Amino acid sequence: MRKITQNRQQNPKAKQRASLTFRMNVLFFSIFVLFSVLIFRLGYIQIVKGEDYVRELERTEEVRVNTSVPRGRIFDRYGRILVDNQPENAITYTKMQTTKSSEMLEIAEKLAHLIEQPTEKVTHRDKLDFWILRNPNDAKEKVTQEEMTKYRNENEELETKEINQEYDRRIRERITDEELEQLSDFDLEVLAIYREMMTGYSLSPQIIKGENVTHEEFARVSEQLAELPGVNTTTDWKRVRLSPLAIIGRTTVPSKGVPKSKLNFYLARDYSRNDRVGESYFEAQYEEILQGEKSVVKNITNKKGQVVETMTTFDGEPGKDLVTTLDVELQQKADEIVERQLLDLKSLRGSELLDRAFLVAMNPKTGELLSVVGKKIEKDEETGEPYIVDYSYGTFTTAYEAGSTVKAATVLMGYNEGVIKPRTVMLDAPMRIGNITLNTLFNQHGSVMLDDLTALERSSNVYMFKIAMGIGGRTYSPGMRFSLAQGTLQTMRNEYAQFGLGVPTGLDLPGETVGYQADPDTDVKLLNLAIGQFDTYTTMQLAQYISTIANGGYRIQPRMLKEIRKPSKDGEHLGQIVDEVSPTILNKIENSKEEIEHVQEGLRRVYFGTNGSAKKQFATADYTAAGKTGTAEVVYYGPQRDKWKTNTINIVHVGYAPFDDPEIAYAIIYPWATTIFKNNYLAQANLTARELLDSYFELKDKYAEEGLSASKVEKPIINHSDEKLDEDEEVKTVNE
């Protein structure tokens, strides 16, 4: 009994201790949970959200900005400047992320008091937007809420964005011409400035005025920079051409900026909308090398998005300089020669279709283009007076029948296909096939035995026809029923393609064409391919073709880039060589060394043989050379559509010199030279070739005396011309 009583007396204390233990356990558990939550939260903030909070705290952004680094300059092979940069004043504006339209408008108004801004680019849409910005209350009254509510109810399927677009459209539609005419000249200047400010990206300078900024304007703005947040005065670079040669290409001006067709392409490469970019030919082909690298700037902003500090992390680099393969003096002389001969031809009777001429000169061993000439006669739309423009890009973008100049390739094709061998003799006499008669110009009625060399020297058509027939598996007999083996046409084109005829040359300029290839409706017409009167070829293809024969059978890629150099350090010498372009061999023709040398001898006879078709022009030359003349009887399909289907003649010439160790190869075309068909064809192409070679060797001697060499690593910069052309200027030569 006593034991039971004692237990009852101890029970309240036990209960108190048990309760205290329970409460302590709950407290410790709660503390544990709280600490766990805190640790979890700290881990989440540091690991998951750490970078976001750091960016939020620091608010920094690294951007490439348009610091207008100088574009790389372009030189000829001897260091003479073809394209230069000219510094000019510029006024820029940098928009912040937090900048409001009203703030930009206020700055535009201040700038309008300090500079004269051209307004010709202001569009009708710009004026409407500006009027709305200036008159927000009046704009809202143009369209009532009831009207838009009704429109929304009637078009429930439309999204809010589309409703807002309709609202804006109606406002603009109801702004009257009288209201827009209230905009003063000063308002339009403000608008012209404001629209330039709006086109820029945040934190990236936008050129507000980069052309024709006067020293007074530059000084006034510089003095007021403290009151013009975001505005800065700086130096821009204007592209200046010292050569009118069109294939050098153009760059866009800042007012035009990046072409819309390639906007996304350039924006993805950190370009700004108003950057200069190569727009055509050489400038476009090597845009990435010429452009340079913009500086990289880190903008540090506060929590309000305002820039509080700017740090330059990369100073930027000017574009690299490019040395071309061109000889600017030879180019100038070739320009003069071709232009003079073109005008001489144009003065003759039957030249009503003639409006262009082309010449390409290149080193046959390296593919380096020495001179690229294209001339075109156009008429002024207002005065009707003719003038001549540079059409050098026509040497690889337009193609023409080349006539007998391709006969050297035809002979080599005959060797390769086993139809003839060197010194094979065949009869040249009129060929009667059905009711068609084919003959040679110098032998329209008689008969004469010719070997391959004489066939080249005297330009025998019949010899070439018989080669083509042999490739087609036929032997000529008078009055024969004519057909050729299937595949003959493709076999011949494959053979010509070895020389670069009818295929891309690999030229390092955009826009090259390969010419036109038609399917003959009769096998007899196919024979004309053997004498260059069916497929069309570019002047560049013909230059590559004759170079292939001149250098011993290697088809070399024609190119305009010779060297890539760093910008000049002292302004007097070209910078260090970064890369030197090596010749590229595209293929070797499938002829033996002996066969090629045999054909070379035939081409030498064209210039110096007893019956050579260019003997009259080259017999007195004090250098050795070789070449081939050509005339193609063609049907006109040029720009004068009312003269289409007129029969006319192309005058063509190819050649190279010196004969034993060629340094220069060339092709010349005067398309649609005359509509008068006679035995004594015009000699302007032959004269052009002779004058070109005379000029080349005269300059070679002159350069040797002056110590001028294209192979020197250290080259002085030569300013060869005081005539400067603006970026968008076109050169016209008045035809007097």
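For the structure itself, consult the block above.
Here is a short report on the structure shown in this document. Remember, it's a predicted structure, so these values are computed and weren't measured experimentally. (Residues numbered from 1 in each chain as written. Predicted model: local features only at pLDDT ≥ 70, side-chain atom pairs only at ≥ 80, totals over all residues. Heavy atoms only, no water.)

### With respect to empty space enclosed by the protein
Our working rule: Every definition here rests on a 1 Å grid over the protein atoms only: cavities are sets of points where a 1.4 Å probe fits but cannot get out, pockets are open sets enclosed by protein on both sides within 12 Å along at least five of seven lines, and lining residues have some atom within 4 Å of a point. Grid points are joined across faces, edges and corners, and a volume is the space filled by probe spheres set on the points. We call Asp, Glu, Lys and Arg charged. Ala, Val, Leu, Ile, Met, Phe, Trp, Tyr, Cys and Pro are nonpolar, and the rest, Gly among them, are polar.
Using the criterion set out here, one finds four cavities of 30 Å³ or more in the structure. What the second largest cavity holds in volume is close to 50 Å³. In terms of lining residues, the second largest cavity is bounded by Thr-199, Gly-200, Tyr-201, Ser-204, Pro-205, Gln-206, Ser-272, Arg-273 and Asn-274. Considered class by class, the residues forming the lining of the second largest cavity number two nonpolar, six polar and one charged.

### Overview of the environment of Pro-478
Counted only if it meets this: The numbering of helices and of strands both runs from the N terminus, where a helix is a DSSP run of H or I of at least 4 residues and a strand a run of E of at least 2.
Secondary-structure assignment places Pro-478 in the loop between helix 18 (461–471) and helix 19 (488–497). A sequence separation of 45 residues divides Pro-478 from Ile-433, and the C-alpha atoms of the two residues are 6.6 Å apart.

### Structural notes on the side chain of His-653
To keep it simple, the criterion reads: Definition of a polar contact: a pair of N or O atoms within 3.5 Å, with one able to donate and the other able to accept a hydrogen when the atoms are protein atoms, and with sequence-neighbouring residues admitted only if both atoms are side-chain atoms. By definition in these notes, contact holds between two residues if any of their heavy atoms fall within 4.5 Å.
Take His-653: it is sitting in strand 21 (residues 647–657). In this structure the side chain of His-653 is engaged in a polar contact, spanning 2.9 Å, whose partner is the side chain of Asn-686. Those residues within four positions of His-653 in sequence are excluded, and the remaining contacts are Thr-405, Tyr-607, Ala-614, Phe-618, Lys-628, Thr-629, Tyr-666, Ala-667, Ile-668, Ala-685, Asn-686 and Ala-689.

### Points about the packing of aromatic side chains
Selection criterion: Working definition: rings of Phe, Tyr and Trp (its six-membered ring) pair if their centres are within 6.5 Å, and the pair is stacked with planes under 30 degrees apart, edge-to-face with planes over 60 apart, and tilted otherwise. We call a residue buried when its accessible area falls under 20% of the maximum for its residue type, exposed when it is over 50%, and partly exposed in between, using a 1.4 Å probe and counting protein chains only. Comment: the charge-over-ring label is applied if NZ (Lys) or CZ (Arg) is within 6 Å of the ring centre and within 35 degrees of the ring normal.
Applying the stated rule across the entire model yields 17 aromatic pairs. Between Tyr-391 and Tyr-393 the ring centres are 5.0 Å apart and the planes differ by 90°, which places this aromatic pair in the edge-to-face class. A ring pair is formed by Tyr-607 and Phe-608, whose centres lie 6.3 Å apart and whose planes are at 75°; its orientation type is edge-to-face. Given the relative accessible area of 0%, Tyr-607 is considered buried. Here the aromatic cluster, defined as three or more aromatic residues joined through ring pairs, consists of Tyr-281, Phe-358, Tyr-391, Tyr-393, Phe-396, Tyr-400, Tyr-636 and Trp-672. Sitting over the ring of Tyr-151, Arg-170 keeps its end group 4.7 Å from the ring centre. Sitting above the plane of the Tyr-554 ring, Lys-588 keeps its charged end 5.5 Å from the centroid.

### A short note on the pattern of salt bridges
The test is simple: For this document, the term salt bridge refers to a Lys or Arg side-chain nitrogen within 4 Å of an Asp or Glu carboxyl oxygen.
If you walk through the whole model with that rule in mind, you get 39 salt bridges. Residues Glu-329 and Lys-702 are paired through a salt bridge, measuring 2.8 Å at the closest nitrogen-oxygen approach. One end of the pair, Glu-329, is in helix 14 (residues 328–346); the other, Lys-702, is in helix 24 (residues 684–706), and 373 residues separate them in sequence. The partner of Lys-375 in a salt bridge is Asp-335, with the nearest N and O atoms 3.7 Å apart. With Lys-375 in strand 10 (residues 369–379) and Asp-335 in helix 14, this residue pair connects regions lying 40 residues apart in the sequence. Each member of the pair, Lys-375 as well as Asp-335, is classed as buried. Ionic contacts of the salt-bridge type, sharing partners, join the residues Glu-147, Glu-166, Arg-169, Arg-170, Glu-173 and Arg-174 into one network.

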